[in-house]
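The chain contents come next:
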Amino acid sequence: MILFLYIYIYICILIFRLYWHYKPILSSSSLSLFWLSPMESRYSSSVFLFLLWVVLSFPSSTFGLRSCHFPAIFNFGDSNSDTGGLSAAFGQAPHPNGVTYFHTPSGRYSDGRLVIDFIAESLGLPYLSAYLDSVGSNFSHGANFATAGSTIRPQNTTISQSGYSPISLNVQFIQFSDFHRRTQIFLKKGELFKKLLPKEDSFSQALYTFDIGQNDLTAGYKLNLTTEQVKAYVPDVLSQLYNTIKNVYGQGGRSFWIHNTGPVGCLPYILDRYLVTAAQIDKYGCATPFNEVAQYFNIRLKALVAQLRKDLPEAAITYVDVYSVKYTLISQAKKYGFKLPLVACCGHGGKYNFNNNMRCGSKKTIKGKEVLIAKSCSNPSVRINWDGIHFTEAANKWIFEQISDGSFSDPPIPLKMACHRMDL
Ligand SMILES: *[C@@H]1O[C@H](CO)[C@@H](O)[C@H](O)[C@H]1NC(C)=O
Ligand SMILES: *[C@@H]1O[C@H](CO)[C@@H](O)[C@H](O)[C@H]1NC(C)=O
Ligand SMILES: *[C@@H]1O[C@H](CO)[C@@H](O)[C@H](O)[C@H]1NC(C)=O
């Protein structure tokens, strides 16, 4: 990069010199630089324009305005990006999940596609198969290690006690590592495996995406910890995320796309279940302490990313401020064509249409017949919240559109260029 910069400055100086040298020929008007009418100046002007073109186009290649080639995506996360992991291990996310797009439960906690699906689509890749899904999976363009309810830190409770997935980030890394190792072995075992597994060099060229941390914050509240106590363990959570990213780098990963955590205080399952005083509710109806702790986490996550850039010299790491995008959508729902931002589309009763004992897809047996109690609202496409915890496909699409061009990223580069390390 430094070398490129020298060459660039050198060419600039060269052009400046040439300009002064030919200035008398180019005539006194500076505008005449761009029209070549006098015969005698045609040649020199062409040289000048050519060099000008070199200078103008140079930064675009140097500073990464070239699209990356991502042959695969490896995703780590929680329900925000689970495409079937928890369903494969603990039972399918029930109907009406998937109703809008897949028209059948698809392992996603949404009526349709997730942000990770739109990311895959936009890179021209198929939707990611869940690593744990042993039926119909195709990992030729990546794998998804996320499961709903995953945390960064392993929890000391079982899934039946607390609802948090035992497949925490450290386990997801172990699975990734084993996936990588076994891929190398099985690529040598014939054509069938080659059609189902990533190529060897896909591991270094892939985009590694992370969307995890939200459940680490809520897990403390579930154990009745105070906000101060939750904040106190955030550094431990982040140091474990640091280790995982470093380990992925150690396995050859170079391009990282890291989502920060969303405004959890705007989600019905928080608003319904935790007592917040009127003074703790902001003007849009969100619970301030929960959002503050999310922002506390995000500030430190951003600093962690800066540290990782220093420690991993070949890594291109993009920090994506999903918090701001989600909060904007919720606080200005109407402006963007949505309504009832704090009310679940699929649920059963209460102020937020959320009942923790009757979550989206819950059934009841009435007169010997199973009846769907917690069903979808009539038009999920104008709603933001799907089931009290997750976003609708329409909201996910909107979120993806905001983040994909780099407007909410640090460094501010589009998704398609996330393989370029920005040192300037
Ligand atoms: C689980 O327990 C261990 C040992 O007491 C502790 O170090 C760790 O922080 C606990 N994890 C969580 C998520 O509370
Ligand atoms: C897996 O997906 C890739 C890309 O979509 C495709 O080329 C390949 O044939 C698929 N493998 C099988 C066994 O269907
Ligand atoms: C948290 O407090 C609630 C209400 O007091 C209680 O029912 C629950 O058992 C407590 N949870 C834990 C993990 O201590």
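Reading the values: the criteria
- Residues numbered from 1 in each chain as written.
- Chains lettered and ligands numbered in written order.
- Predicted model: local features only at pLDDT ≥ 70, side-chain atom pairs only at ≥ 80, totals over all residues.
- Helix = DSSP H or I, 4+ residues; strand = E, 2+ residues; numbered from the N terminus.
- Buried ≥ 20, exposed ≤ 12 C-beta atoms within 10 Å, placed from the backbone.
- Contact = placed C-beta atoms within 7 Å.
- Pairing = 2+ DSSP bridges.
- Axes fitted to C-alpha atoms, helices over the stretch in contact; angles between N-to-C directions.
- Parallel < 35°, antiparallel > 145°, perpendicular 65-115°, else oblique.
- Left-handed = near helix turned anticlockwise from the far one by under 90°.
- Nonpolar A, V, L, I, M, F, W, Y, C, P; charged D, E, K, R; others polar.
- Expected span 1.5 Å × (residues − 1).
- Bend = angle between axes of the 7 residues up to and from the residue.
- Core = buried A, V, L, I, M, F, W, Y, C linked by C-beta atoms within 7 Å.
- pLDDT = per-residue confidence, 0-100.

Draft legend 1. Structural context of the overall build of the chain. On a plain count of helices and strands, the chain comes out with 14 helices and eight strands. Out of the 424 residues in the chain, the part that is buried amounts to 42%. Summarising the internal contacts of the chain: among those between residues at least 6 apart in sequence, 68% fall at separations of at least 24.

Draft legend 2. Layout of the sheet that holds strand 4 (residues 255-259). In spatial order, the strands read 2-1-3-4-5-8; together these six strands make up an open sheet with mixed pairing. Edge positions in the sheet fall to strand 2 (142-144) and strand 8 (409-410), since each has one partner strand and no second. The sheet strands contacting helix 12 (residues 288-311) are strand 4, strand 5 (316-320) and strand 8, and the helix crosses strand 5 at an angle near 175°.

Draft legend 3. Structural view of the pairing of strand 7 (residues 369-372). As defined by bridge partners, strand 6 (residues 363-366) adjoins strand 7 across four bridges and the pair is classed as antiparallel. In the sheet register, Thr365 faces strand 7, and the bridge partner there is Glu370. A loop of two residues connects strand 6 with strand 7, the two strands running antiparallel in sequence, and Lys367 in this loop sits at a positive phi of about 50°.

Draft legend 4. Up close: the environment of Pro154. On the secondary structure map, Pro154 appears in the loop between strand 2 and helix 5 (159-162). In sequence terms Pro154 and Leu169 are 15 residues apart; their C-alpha atoms lie 7.6 Å from each other. Residue contacts for Pro154: discarding those within four places in its chain leaves Ser168 and Asn170.

Draft legend 5. The arrangement of the packing of helix 10 (residues 227-250) against helix 12 in detail. Where helix 10 meets helix 12, the axes come as close as 10 Å, and the angle between the chain directions of the two elements is 30°. With respect to helix 12, the axis of helix 10 lies roughly parallel. Between helix 10 and helix 12 lies a crossing whose hand is right-handed. Facing helix 10, whose interface residues are Thr227, Val230, Lys231, Val234, Pro235, Leu238, Leu241, Tyr242 and Ile245, helix 12 presents Pro289, Val293, Tyr296, Phe297, Arg300, Leu301, Leu304 and Leu308. Of the residues that constitute the contact of helix 10 with helix 12, the class distribution is 14 nonpolar, one polar and two charged.

Draft legend 6. Broad picture of helix 10. Taking 1.5 Å per residue, 24 residues should reach 34 Å; helix 10 reaches 35 Å between its end C-alpha atoms and fits that length. Considering bend angle alone, the principal kink of helix 10 is centred on Tyr233 and spans about 30°; proline Pro235 follows within four residues of it. When we look at burial in helix 10, the residues that qualify are Val230, Val237, Leu238, Leu241, Ile245 and Val248. Residues of helix 10 that are buried in the fold lie against helix 6 (169-186), strand 3 (207-211), helix 9 (214-222), strand 4 and helix 12. Following helix 10 by one or two positions, Gly252 adopts a phi angle in the positive range, close to 110°.

Draft legend 7. Representation of the nonpolar core. The biggest cluster of nonpolar side chains holds 96 residues, and the ones touching the most others in it are Ile73, Ile119 and Ile399. Non-local contacts of Ile73, meaning those with residues more than four positions away in its chain, are made with Ile119, Ala120, Leu125, Leu128, Gly142, Ala206, Leu207 and Thr209.

Draft legend 8. View of helix 4 (residues 115-122). The buried fraction of helix 4 is high, at six of eight residues. Summarising the contacts, the buried residues of helix 4 are in contact with strand 1 (73-77), strand 3 and helix 14 (393-403). Gly124 lies just past helix 4 and shows a positive phi near 75°.

Draft legend 9. Fine view of the packing of helix 4 against helix 14. Close contact between helix 4 and helix 14 brings their axes to 8 Å; oriented N to C, the two are set at 55°. When the interaxial angle is binned, helix 4 and helix 14 end up oblique. Seen from above, helix 4 lies across helix 14 with right-handed handedness. Side by side, helix 4 and helix 14 meet where Val115, Phe118 and Ile119 of the first sit next to Asn396, Lys397, Ile399 and Phe400 of the second.

Draft legend 10. Summary view of the confidence of the model for the chain. With 84% of its residues at a pLDDT of 70 or more, the chain has an overall mean of 89. Low confidence marks residues 1-16, where pLDDT is under 50. Its contacts with residues over four positions away, or in another chain, come to 12 contacts. When the criterion is pLDDT under 50, residues 47-52 qualifies, and its contacts beyond four places in sequence or with other chains add up to eight contacts.

Draft legend 11. A look at the environment of Ala146. Mapped onto the elements of the fold, Ala146 is located in the loop between strand 2 and helix 5. It is 9.5 Å that separates the C-alpha atoms of Ala146 and Phe74, two residues lying 72 residues apart in sequence. Excluding residues within four positions of it along the chain, Ala146 makes contact with Asn75, Phe76, Gly77, Asp78, Ser81, Asp82 and Gly85.

Draft legend 12. Representation of the environment of Tyr127 within the structure. Turning to its location among the elements, Tyr127 is positioned in the loop between helix 4 and strand 2. Distance in space between the C-alpha atoms of Tyr127 and Phe139 is 9.7 Å, their sequence separation being 12 residues. Look past the residues within four positions of Tyr127 in its chain and what remains in contact with it is Thr83, Asp117 and Ala120.

Draft legend 13. Unusual backbone geometry, seen in detail. In this structure, the amide linkage connecting His95 to the following residue, Pro96, adopts the cis form with an omega of 10°. Here the bond from Asp410 into Pro411 is cis, since omega is -5°, no more than 30 degrees from zero. Relative to the elements of secondary structure, Pro411 occurs in the segment after strand 8.

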